[in-house]
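Now for the letters of each chain:
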Amino acid sequence: MPEAVRTYWLTTPCRIRRKDSTLVIEREDETKVHVPVTDVRDIVACSPVDINTAVMTLLNQHRIAVHLLSYYGDYAGSVLPAEAHTSGQTVLAQARTATTPQTSMAIARSLVCATAFNVRRVVDRTVLKKPFETVEAGAAAAESTAQLMAAEGNFRRTAWGVIDTKLPDWLQLDGRSRRPPANAGNAFISYVNGIVYSRVLTAIRLTPLHSGIAFLHSSMERQRHSLALDLAEVFKPLFAERLLLRLAGRGQLKPAHFDADVGNTMLTEVGRRFVVQTVRDELATTVRHRTLGRPVAYDELLYLEALKLARTCLEGERYQPFRIWW
């Protein structure tokens, strides 16, 4: 993944304007930040952003994507430049792989099992041992992606119940709820999942893969980057569940970080800044890669995962999704 440029995170409402080849970020307090466009890999907007056509032209020229999170922290969409890295040869190979039932199902099964493995790894290896064996057996017996996702859903519900035993009452999930999240725990999970999805989408677009051709999620739906949904599944536990348990255990996540209303809860502006900074720090964390033999940031793991899948499509090697090894 390119190291000379970085992601810019916008956590407060602002406007982005263009001055020559520089982006000018104008905050509500009238302060301005000048950012050379060559320093930007992509932008994640966690608050409302005003962008004009002059800015969009500059972003497109430099292949910079803008990812948007909604009021409740869900992924709302992206403003994407024209495809720059997609290869016709790779897309054809990816499409053949996705439309070959045996191969496609093998990849989908591996995604479900790796996701469950990562959830168990960060939540409770002992308590989730039997549920994990059950989801593995269910995945092996599944004959369709719908059956695979049902098996994963059953495992997830069990895991959410286990997570609640480790959280204070005010932060418990009480089941998964979205759009809008019903409580603080769900608001945190949704917000972090939205960030993970946007980071995975950026990683995919740096490879020759097509983000709309997937293996577990449906490729037939419009306006969805289904492959990003596939690959984000295995990384969500590394960030969402893991950070929720860590921050709760350390007492760093507080009720003041959330704004609760009847039937829905969202992060406050202070809460959003805190969560974004936490995720940014986590993305920069490095671990020694077992294959490459060098330190790799978590953010680069997303890119390496997309490259691994590209090799599977092009060379037919077995796809082994990311599993937490530390």
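Next up on the list: the overall build of the chain. A count of helices and strands for the chain gives nine helices and twelve strands. Its C-alpha atoms give the chain a radius of gyration of 20 Å, near enough to 20 Å, the size a compact globule of 326 residues would have. Once the C-alpha set of the chain is aligned to its principal axes, its extents read approximately 60 × 50 × 40 Å. Taken across its 326 residues, the chain has 55% of its residues classed as buried. As displayed, the chain has an accessible area near 15000 Å², and 50% of this comes from carbon and sulfur atoms. Averaging the coordinates of the 41 positive side-chain charges in the chain and doing the same for the 33 negative ones gives two points 4 Å apart.

Interaxial distance between helix H7 (residues 226-249) and helix H8 (residues 269-284) falls to 12 Å at its minimum, and their mutual angle equals 115°. Looking at the two axes, H7 sits roughly perpendicular to H8. Like other packed secondary-structure pairs, H7 and H8 cross with a definite hand, here right-handed. Counted together, Phe239, Arg242, Leu243, Arg246 and Leu247 of H7 and Phe274, Thr278, Val279, Glu282 and Leu283 of H8 form the full contact between these two elements. Classifying every residue of the contact of H7 with H8 gives six nonpolar, one polar and three charged.

This part covers the sheet that holds strand S2 (residues 14-19). Ordered by their spatial adjacency, four strands build an open sheet running S4-S3-S2-S6, and the pairing between neighbours is mixed. What marks the edges here is a single partner per strand, and that holds for strand S4 (32-36) and strand S6 (49-51). Adjacent strand axes in the sheet meet at a mean angle of 25° when their direction is disregarded. Where S2 lies against strand S3 (residues 22-27), six bridges are found, and the strand directions are antiparallel. When the sheet's bridge partners are listed, Arg17 is paired in S3 with Val24.

What follows covers the side chain of Thr268. Along the polypeptide, Thr268 turns up in the loop between strand S10 (264-267) and H8. A distance of 3.0 Å separates the side chain of Thr268 from the backbone nitrogen of Gly271, its partner in a polar contact.

Okay, the nonpolar core next. Membership of the largest hydrophobic core comes to 88 residues, with the highest contact counts inside it found for Phe188, Phe235 and Leu244. When contributions to this core are tallied by element, the ones reaching two or more residues are helix H2 (88-98), helix H3 (101-123), helix H4 (129-141), helix H5 (145-164), helix H6 (184-205), H7, H8 and helix H9 (298-315). Counting residues per element, this core draws most heavily on H7, which supplies 15 residues. If sequence neighbours within four positions are ignored, Leu244 has contacts with Ile163, Leu167, Leu171, Leu173, Phe188, Ile189, Phe239 and Leu253. Ranked by size, the runner-up nonpolar core spans 15 residues in total, among them Cys14, Ile16, Ile43 and Val66.

Before going further, it helps to spend a moment on the packing of aromatic side chains. Tallying each qualifying case throughout the model produces nine aromatic pairs. Relative to Trp326, the ring of Trp325 lies with its centre 4.8 Å away and its plane at 85°, an arrangement referred to as edge-to-face. The class for Trp326 is partly exposed, based on a relative accessible area of 30%. Ring pairing ties together the aromatic residues Phe235, Phe239, Tyr298, Phe322, Trp325 and Trp326, which thus form one cluster.

Our next topic: the sheet that holds strand S5 (residues 40-45). As a general point, the strands of a sheet are linked pairwise by backbone hydrogen bonds and lie either parallel or antiparallel. Strand order in the open sheet formed by four strands is S1-S5-S7-S8, with mixed pairing between adjacent strands. Strands at the two margins of the open sheet, each flanked by one partner only, are strand S1 (6-10) and strand S8 (75-79). Neighbour-to-neighbour, the strand axes of the sheet open up by a mean angle of 20°, direction not taken into account. In this structure, S5 lies alongside strand S7 (residues 65-69), joined through four bridges in parallel fashion. Within the sheet, the bridge partner assigned to Val44 lies in S7 and is His67.

Each value, and the rule that gives it
Residues numbered from 1 in each chain as written. Predicted model: local features only at pLDDT ≥ 70, side-chain atom pairs only at ≥ 80, totals over all residues. Heavy atoms only, no water. Helix = DSSP H or I, 4+ residues; strand = E, 2+ residues; numbered from the N terminus. Rg over C-alpha atoms; globule rule 2.2 N^0.38 Å. Buried < 20%, exposed > 50% of the residue type's maximum accessible area, 1.4 Å probe, protein only. Areas by Shrake-Rupley, 256 points an atom, 1.4 Å probe, with all protein chains shown as cover. Lys, Arg positive; Asp, Glu negative; His and termini not counted. Charge placed at Lys NZ, Arg CZ, Asp CG, Glu CD. Axes fitted to C-alpha atoms, helices over the stretch in contact; angles between N-to-C directions. Parallel < 35°, antiparallel > 145°, perpendicular 65-115°, else oblique. Left-handed = near helix turned anticlockwise from the far one by under 90°. Contact = heavy atoms within 4.5 Å. Nonpolar A, V, L, I, M, F, W, Y, C, P; charged D, E, K, R; others polar. Pairing = 2+ DSSP bridges. Polar contact = N/O pair within 3.5 Å; in protein donor to acceptor, adjacent residues only side chain to side chain. Core = buried A, V, L, I, M, F, W, Y, C linked by side-chain atoms within 4.5 Å. Phe/Tyr/Trp six-rings, centres within 6.5 Å; stacked < 30°, edge-to-face > 60°.

Any functional reading would require information that these geometric values do not contain.
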